[in-house]
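Structure assessment
So you can see what is in the structure, the chains are spelled out below.
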Amino acid sequence: MELVRRVFVALVCAIALGSLATDLWILDLFGPQVSVFAALPLLSYAIVGALLVVRRAGGPIGWLLGGTGLLMQLVLLSQAYGYASLFAGAALPRGEVVLWLGSVIGNALLLLMIPAIVLFPDGRPPSRAFAILLGVGLTGAVIYTVVSALADEPILVPLPYTGLHTGEPARSIPNPVAQHGQFGDLLLVATPALYSIVTPLLLIVPLALVARFRRSRGDDREQLKWLMYAAGITFGLMLIGVKLSPGPIQTLVEILTVFGLGLLPVAMGIAITRYHLYDIDLLIRRTLIYAAVSAVLLAAYIGGVALVHFVLAPVTSGNGLAVAISTLAVLALFQPLRRRIQVGVDRRFYRSRYDAVRTLDSFSVRLRDEVDLDAVRADLVGAVRETMAPAHMSLWLREGARR
């Protein structure tokens, strides 16, 4: 088993790094210069998977992440090769076959990525029902991968293979191994039917995370927070990218989404190995606070510019005064708004911390007006009991302090 482990780690690292280097070299010569934004962040799957396998942590999760990272780099390499061969004039043979192979590998990614998340963090499904759903979903994904690979449907070529917008129109090529005749007609009918069946089964991922989180306690809950934090950021960026119109801002959001996808294995690796390395509750809390503050300030800035420009248009005549006034107003609002939102977040999501702060504030007010030592002792013991909830508590006062 140790030999298999070493061979797997060596293959994952060698093929992933080799694919990345070749990928960047091809696009440096023949393609757009944004490939690094997809190739480098997604390398984290191979790296984290290899580290987990080496450390014998996480059960099958390290193997699944390593395989996912390996396939991701092969997909990116095939798309770069096909783009350069078919659309950039490079002297690279059989570009359509390589693109077809990349599309097949892309569909097969689900066979590794979904189990890695569903089995996180202990390598077992949350329940028997989820184990059955996972088996059904993987079986359907295998059938769909095979059927779609042989169906007579065009293969889309993302430009510049990462899905990012470069201003070029979307392109496609015919399937080089498409089946025709009655069998081909059957595949054409089966492909959308299988897609409509397999797609809802993807809901097993968030449902499994929610079910496991609700049942988790202690260490398991802390580990799940890491994955759900990274997944929440990635999903939020995906939603924002879908709502935006094509342009530089959407391209930036899509690049950040790719980085968010690269954060998923990093969060899983930290959770499995050393989830106490950072305070995940503090990260989640600060993310909620500053995301809300940024959204409100952005809306206030845009609305303020429009309002001031409308009111002062006869005076300013488009000289930028509206922008300056709105900027100063946003700067003045930052600290008060951050405090209000912080209180709201603590009251809604961190009730224990919010109650602890209120208890300590109340104790401080009573302490200023209290002169009786026994009353102070009782108030102090009560404040510690409410905020810290210790199993045992004792209070000692030095005689010097009493005098």
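Structure shown above.
Here's what I pulled together on the structure shown here. All chains use their own residue numbering, which begins from 1 and follows the written sequence. Only residues with pLDDT of at least 70 are given local features in this predicted model, and only at 80 or more are side-chain atom pairs given and counted; all residues enter the totals for whole chains, interfaces and linings. Side-chain measures were taken over the full set of non-hydrogen atoms in the model, leaving aside hydrogen atoms and water.

Quick look at the overall build of the protein chain
If you tally the helices and strands in the protein chain, you get 16 helices and two strands. The contact rule is simple, with two residues in contact once any of their heavy atoms fall within 4.5 Å. Contacts in the protein chain between residues at least 24 apart in sequence constitute 71% of all its contacts with a sequence separation of at least 6. Numbering of helices and strands runs from the N terminus, with a helix taken as a DSSP run of H or I at least four residues long and a strand as a DSSP run of E at least two residues long.

Focus: the packing of helix H7 (residues 128-150) against helix H9 (residues 204-215)
Two quantities define a packed helix pair, namely the angle between the axes and the distance from one axis to the other. Every axis corresponds to a line fitted to the C-alpha atoms, with the helix fit spanning only the stretch in contact, and the corresponding angles, defined between N-to-C directions, vary from 0 to 180 degrees. The interhelical angle for the contact between H7 and H9, taken along N-to-C directions, is 165 degrees, at an axis separation of 11 Å. On the basis of the axis angle, H7 is roughly antiparallel to H9. As for the relative orientation of H7 and H9, their crossing is left-handed in sense. From H7, Phe130, Leu133 and Leu134 reach across to H9, where they touch Ile204, Leu207, Ala208 and Ala211. Residue composition of the contact of H7 with H9, by class: seven nonpolar, no polar and no charged. Throughout this description, any angle smaller than 35 degrees is read as roughly parallel, any larger than 145 degrees as roughly antiparallel, any in the 65 to 115 degree range as roughly perpendicular, and the remainder as oblique. Should the near helix be turned anticlockwise from the far one by less than a right angle, the crossing is termed left-handed; should it be turned clockwise, right-handed. Amino acid classes used here: Ala, Val, Leu, Ile, Met, Phe, Trp, Tyr, Cys and Pro are nonpolar; Asp, Glu, Lys and Arg are charged; the rest, including Gly, are polar.

Points about the packing of aromatic side chains
Stacked, tilted and edge-to-face are the three classes applied to pairs of Phe, Tyr and Trp rings, where Trp contributes its six-membered ring and a pair requires centres within 6.5 Å; stacked means planes under 30 degrees apart, edge-to-face means over 60, and tilted covers the rest. Taken as a whole and assessed by the stated rule, the structure comprises two aromatic pairs. Judged by centre distance (4.7 Å) and plane angle (40 degrees), the rings of phenylalanine 8 and tryptophan 63 are tilted. With phenylalanine 8 in helix H1 (residues 2-30) and tryptophan 63 in helix H4 (residues 61-86), this pair connects stretches of sequence that are 55 residues apart. On the basis of an interplanar angle of 50 degrees and a centroid distance of 5.9 Å, the ring pair of tyrosine 144 and tyrosine 195 is categorised as tilted. Here tyrosine 195 lies in helix H8 (residues 181-201) and tyrosine 144 lies in helix H7, a separation of 51 residues in the sequence.

Focus on the packing of helix H5 (residues 95-108) against H7
Remark: H5 packs on H7, axes separated minimally by 9 Å, with the N-to-C direction vectors making an angle of 160 degrees. Taken together, the axis directions place H5 and H7 in an arrangement best described as roughly antiparallel. Note on packing geometry: the crossing formed by H5 with H7 is right-handed. Counted together, Trp100, Val104, Asn107 and Ala108 of H5 and Tyr144, Thr145, Ser148 and Ala149 of H7 form the full contact between these two elements. Residues belonging to the contact of H5 with H7 are distributed by class as follows: five nonpolar, three polar and no charged.

None of this, on its own, says anything about what the molecule does.
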